[in-house]
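# What the coordinates show
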Amino acid sequence: MKGTSMVQAEINKLQDATAWDSKGKKLGDVNDVHLEKESGVPAWVTVSLGLLNSRKHYVPLANSRFEGDALYLAWTKDQIVGAPSAASSVELSPEEESALVDYYSLRDDAVSS
């Protein structure tokens, strides 16, 4: 139970965070936190990049760091903009998740805990 409440607290903090890219460029607010289906651990966030960009970009939390109210992602803004689109900001389909995993070069050994 304690672990579950800590994860929920972490999710709430992440949803209130401001996202920054790997070069220190401000991206915008984190929209949603998406959990890994098997473990329930936060695995992805969606971020809107600026006022005119309404598309929500999925970005993996792998290799990111969270400090205060800032989430420092492991990818540049250009890499995030170039990522495959997802039809929904609520849940990734298996095909969408697979395309994103391939795009960001995430492998099972890099994302498993």
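Structure report, in brief. (Residues numbered from 1 in each chain as written. Predicted model: local features only at pLDDT ≥ 70, side-chain atom pairs only at ≥ 80, totals over all residues. Heavy atoms only, no water.)

## Considerations on unusual backbone geometry
To keep it simple, the criterion reads: Only DSSP runs of H or I with at least four residues qualify as helices, and only runs of E with at least two residues qualify as strands; both kinds are numbered from the N terminus onward.
Positive phi is not limited to glycine here, since Asn63 has a value of about 65°. Non-glycine residue Ser105 carries a positive phi angle of around 55°. Relative to the helices and strands, Ser105 is located in the loop between helix H3 (94–103) and helix H4 (108–111).

## Thoughts on the sheet that holds strand E6 (residues 70–72)
Within a sheet, adjacent strands bond to each other through the backbone by hydrogen bonds, running parallel or antiparallel. Where we set the bar: Two strands pair if DSSP finds at least two bridges between them. The convention used is that axes are lines fitted to C-alpha atoms, helices contributing only their stretch in contact, and that angles between N-to-C directions extend from 0 to 180 degrees.
The mixed open sheet is built from 6 strands, whose spatial order is E4-E3-E2-E1-E6-E5. In the strand order of this sheet, the two ends are held by strand E4 (56–60) and strand E5 (65–67), each with one partner. Each adjacent strand pair in this sheet contributes to an overall mean axis angle of 40°, direction not counted.

## Let's talk about the packing of aromatic side chains
Which entries qualify depends on this criterion: Each Phe, Tyr or Trp ring, with Trp reduced to its six-membered ring, pairs with another whose centre is within 6.5 Å; inter-plane angles below 30 degrees give stacked pairs, above 60 give edge-to-face pairs, and intermediate values give tilted ones. With a 1.4 Å probe rolled over the protein chains alone, any residue whose accessible area is under 20% of its type maximum counts as buried; one over 50% counts as exposed, and the rest are partly exposed. Placement of a positive charge over a ring is assigned whenever Lys NZ or Arg CZ falls within 6 Å of the ring centre and within 35 degrees of the normal to the ring plane.
According to the stated counting rule, one finds 4 aromatic pairs in the structure shown. When the ring of Trp75 is compared with that of Tyr104, the centres are 4.9 Å apart and the planes differ by 70°; the resulting orientation is edge-to-face. Placement of Trp75 in the loop between E6 and helix H2 (77–81) and of Tyr104 in the loop between H3 and H4 is noted, with a sequence separation of 29 residues between them. The exposure class assigned to Tyr104 is buried, which follows from its relative accessible area of 4%. On the basis of an interplanar angle of 85° and a centroid distance of 5.0 Å, the ring pair of Tyr103 and Tyr104 is categorised as edge-to-face. Accessibility expressed as a relative area gives 33% for Tyr103, which makes it partly exposed. In this arrangement the basic side chain of Arg65 is found over the ring face of Tyr72, its NZ or CZ atom lying 4.3 Å from the centre.

## Comments concerning the environment of Val59
Our working rule: Only heavy atoms matter for contacts: two residues are in contact if any of them lie within 4.5 Å across the pair.
Checked against the element boundaries, Val59 lands in strand E4. By relative accessible area, which is 0% here, Val59 ends up buried. Between the alpha carbons of Val59 and Leu100 there is a distance of 8.4 Å; along the sequence they are 41 residues apart. Apart from residues lying up to four places away in sequence, Val59 is in contact with Ala43, Trp44, Val45, Leu73, Trp75, Ile80 and Tyr104.

## Remarks on the nonpolar core
We count it as follows: Put simply, buried Ala, Val, Leu, Ile, Met, Phe, Trp, Tyr and Cys residues joined by side-chain atoms within 4.5 Å make one nonpolar core.
Counting residues in hydrophobic clusters, the biggest one holds 25 residues, and the most contacted among them are Trp44, Val45, Leu71, Leu73, Ile80 and Tyr104. The set of elements that each furnish at least two residues to this core consists of helix H1 (2–15), strand E2 (26–35), strand E3 (42–48) and E4. At 4 residues, E3 tops the list of elements feeding residues into this core.

## Here's the deal with the environment of Glu10
Its location among the elements puts Glu10 in helix H1. Under the relative-accessibility criterion, Glu10 is labelled partly exposed at 39%. Once the C-alpha coordinates of Glu10 and Val41 are considered, the two residues, 31 residues apart in sequence, prove to be 9.8 Å apart.

## Focus on the side chain of Asp21
Heads up, the condition is: By the counting rule applied here, Lys and Arg register as positive and Asp and Glu as negative, while His and the ends of each chain are not counted. Whenever Lys or Arg places a side-chain nitrogen within 4 Å of a carboxyl oxygen from Asp or Glu, that contact is recorded as a salt bridge. Contacts described as polar in this section are N or O atom pairs within 3.5 Å, which, within protein, must combine one atom able to donate a hydrogen with one able to accept it, while residues neighboring in sequence count only if both atoms come from side chains.
As for its placement among the helices and strands, Asp21 is situated in the loop between strand E1 (18–20) and E2. No salt bridge is formed by the buried Asp21. Its closest oppositely charged neighbour is Lys25, at 5.1 Å. Within the structure, the side chain of Asp21 is placed 3.0 Å from the backbone nitrogen of Lys77, a separation counted as a polar contact.

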